[in-house]
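Residue-level structure breakdown
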Amino acid sequence: QSALTQPRSVSGSPGQSVTISCTGTSSDVGAYNFVSWYQQYPAKAPKPMIYDVNKRPSGVPNRFSGSKSGNTASLTISGLQADDEADYYCCSYGGTYTVFGGGTKLTVL
Amino acid sequence: QVQLVQSGAEVVEPGASVKVSCKTSGYTFTTYQVYWVRQAPGQGLEWMGWIDPNSGGTTYAQKFQGRVTMTRDTSITTAYLQMSSLRSDDTAVYYCARNKDGLGYWGQGTLVTVSS
């Protein structure tokens, strides 16, 4: 049950696109289509942005999209905006466990 | 509207226990699992376990087995997290979350500080 692997940081300019990767194993990311992504601002509770690999909760802009290939999931944010600057966490179901990634800090330059 | 409201901050001594509550409203409590997730200062999110409010069945992360107990009271639609033998590295914000469409709704978090 090791944490999923995410890059510590990514950055992009307003209007650009960025992609955050999330690598797990054949027991979690690779086995189930239950990957979700969360946005977190400092001292705030996480907010769901993507669930079931590529579904967006109501109210989440379609600039946010998710995908998966093998044991790696990805979150893509297009048309970057200043308020996208936050920490992002992936999460995967693994049958008898759930596991988060270590988190990625997105900086909007 | 769906809400999860957690109990207030706690300061506990090393070796003691703490019990955090998560009062839910706006949906049928017994329909969805309640997850518990913690976040140490400056660190990432860590899954602790879940409870099925319908059956009371639980699944705990290996790391916390033997120290954590998750329970619920369906009459007041509230889930509880109890943790024992607390250490300084258990200082964290503890969140509950409803498991539907990912962890679609979260509580506001409860800061538990372990200090003498």
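Quick summary incoming for the structure in this document. Here the residue numbers are simple positions, counted from 1 along each chain's written sequence. For naming, the first written chain is A and the first written ligand is 1, with later ones following in the order written. Reporting in this predicted model follows two pLDDT cut-offs: at least 70 for local features of residues, and 80 or more for side-chain atom pairs to be given and counted; totals over whole chains, interfaces and linings ignore these cut-offs and use all residues. Water and hydrogen atoms were dropped before computing side-chain values, which therefore reflect all heavy atoms in the structure.

**Topic: the sheet that holds strand 6 (residues 72-77) of chain A**
Sheets are built from strands paired through backbone hydrogen bonds, the pairs being either parallel or antiparallel. All names here are of chain A. Put simply, the rule reads: Strands qualify as paired when DSSP identifies two bridges or more between them. Under the DSSP-based scheme used, a helix requires at least four consecutive residues in state H or I and a strand at least two consecutive residues in state E, with every element numbered from the N terminus. Under this scheme, a helix contributes an axis fitted over its contacting stretch, all axes are lines through C-alpha atoms, and angles between N-to-C directions fall in the 0 to 180 degree range.
Taken together, the three strands give an open sheet; going across it, the order is 2-6-5, and neighbouring strands pair in antiparallel fashion. Of all strands in the sheet, those with a lone pairing partner are strand 2 (18-23) and strand 5 (64-69), marking the two edges. Strand-to-strand twist in this sheet, taken as the mean axis angle between neighbours without regard to direction, amounts to 20 degrees.

**Notes on the sheet that holds strand 3 (residues 18-25) of chain B**
Residues and elements named next belong to chain B. With antiparallel pairing, the four strands of this open sheet are ordered in space as 1-3-8-7. Edge strands, defined here as strands with exactly one partner in the open sheet, are strand 1 (3-6) and strand 7 (68-73). Adjacent strand axes in the sheet meet at a mean angle of 20 degrees, parallel and antiparallel pairs treated alike. In this sheet, strand 8 (residues 78-83) lies alongside strand 3 in antiparallel orientation, the contact comprising six bridges. Each bridged residue has a counterpart across the sheet, and for S21 the counterpart in strand 8 is Y80.

**Side note on the interface of chain B and chain A**
It is common to give the size of an interface as the accessible area lost on bringing the parts into contact. Here is the rule: Only heavy atoms enter the contact rule, under which two residues are in contact if any of them lie within 4.5 Å. In this description, buried area is defined as the sum, over both parts, of the accessible area (probe of 1.4 Å) that is lost when the two are combined. Note on definitions: salt bridges are taken to be side-chain nitrogens of Lys or Arg within 4 Å of carboxyl oxygens of Asp or Glu. Under the rule applied, a polar contact is a pair of N or O atoms within 3.5 Å (in protein, one hydrogen donor and one hydrogen acceptor; residues adjacent in sequence only if both atoms are side-chain atoms). In the scheme used here, Gly and all other residues not listed as nonpolar or charged are polar, with Ala, Val, Leu, Ile, Met, Phe, Trp, Tyr, Cys and Pro taken as nonpolar and Asp, Glu, Lys and Arg as charged.
Listed by partner, the interface residues are 19 residues for chain B and 17 residues for chain A. Roughly 1400 Å² is buried in total at the junction of chain B and chain A, and carbon and sulfur atoms are behind 63% of that figure. Between the two partners, chain B and chain A, sit zero salt bridges. The interface formed by chain B and chain A includes five residue pairs in polar contact (both at pLDDT 80 or more). Sorting the residues of the side of chain B that touches chain A by element identifies strand 4 (34-39), strand 5 (45-51) and strand 10 (103-106) of chain B as the ones contributing at least two each. A per-element tally of the side of chain B that touches chain A places strand 5 of chain B first, with four residues. The residue makeup of the side of chain B that touches chain A, split by class, is nine nonpolar, eight polar and two charged.

**Considerations on the packing of aromatic side chains**
Short version of the rule: Here is the rule: rings of Phe, Tyr and Trp (six-membered ring for Trp) pair when centre to centre is within 6.5 Å. Planes less than 30 degrees apart are stacked, more than 60 are edge-to-face, and the remainder are tilted. The buried label goes to any residue with under 20% of its type's maximum accessible area, the exposed label to any with over 50%, and the partly exposed label to all in between, with areas taken from a 1.4 Å probe on protein chains only. Comment: the charge-over-ring label is applied if NZ (Lys) or CZ (Arg) is within 6 Å of the ring centre and within 35 degrees of the ring normal.
Tallied over the full model, the rule gives ten aromatic pairs over all chains. Relative to Y93 of chain A, the ring of Y32 of chain A lies with its centre 4.9 Å away and its plane at 75 degrees, an arrangement referred to as edge-to-face. Separated by 61 residues along the polypeptide, Y32 of chain A in the loop between strand 2 and strand 3 (35-40) and Y93 of chain A in strand 7 (residues 86-93) bring together distant segments of the chain. The partly exposed category is assigned to Y93 of chain A, whose relative accessible area is 25%. Look at W47 of chain B and W50 of chain B: their rings are 5.5 Å apart centre to centre, the planes differ by 45 degrees, and that puts the pair in the tilted class. Cluster of aromatic residues (ring-pair linked, three or more members): Y32, F34 and Y93 of chain A together with Y35, W47 and W50 of chain B. When the ring centre of Y27 of chain B is taken as origin, the NZ or CZ atom of R98 of chain B, which lies over that ring, is 4.6 Å away.

**Re the pairing of strand 3 of chain B**
Residue and element names in this part refer to chain B. Residues V18, V20, C22 and T24 point to one face of strand 3 and are all buried, whereas K19, S21, K23 and S25, pointing to the other face, are not buried. With four bridges joining them, strand 1 and strand 3 adopt antiparallel strand pairing. Across the sheet, Q6 pairs through a bridge with C22, a residue of strand 3.

**A closer look at the nonpolar core**
Short version of the rule: Here, the term nonpolar core denotes a set of buried Ala, Val, Leu, Ile, Met, Phe, Trp, Tyr and Cys residues that are joined through side-chain atoms within 4.5 Å.
Among the nonpolar cores identified, the biggest contains 63 residues, and W37 and F100 of chain A together with W36, M48 and W106 of chain B are the most heavily contacted of them. Not counting the four nearest positions on each side in its chain, M48 of chain B is found in contact with W36, V37, R38, Y60, A61, F64, V68, M70, L81, M83 and Y94 of chain B.

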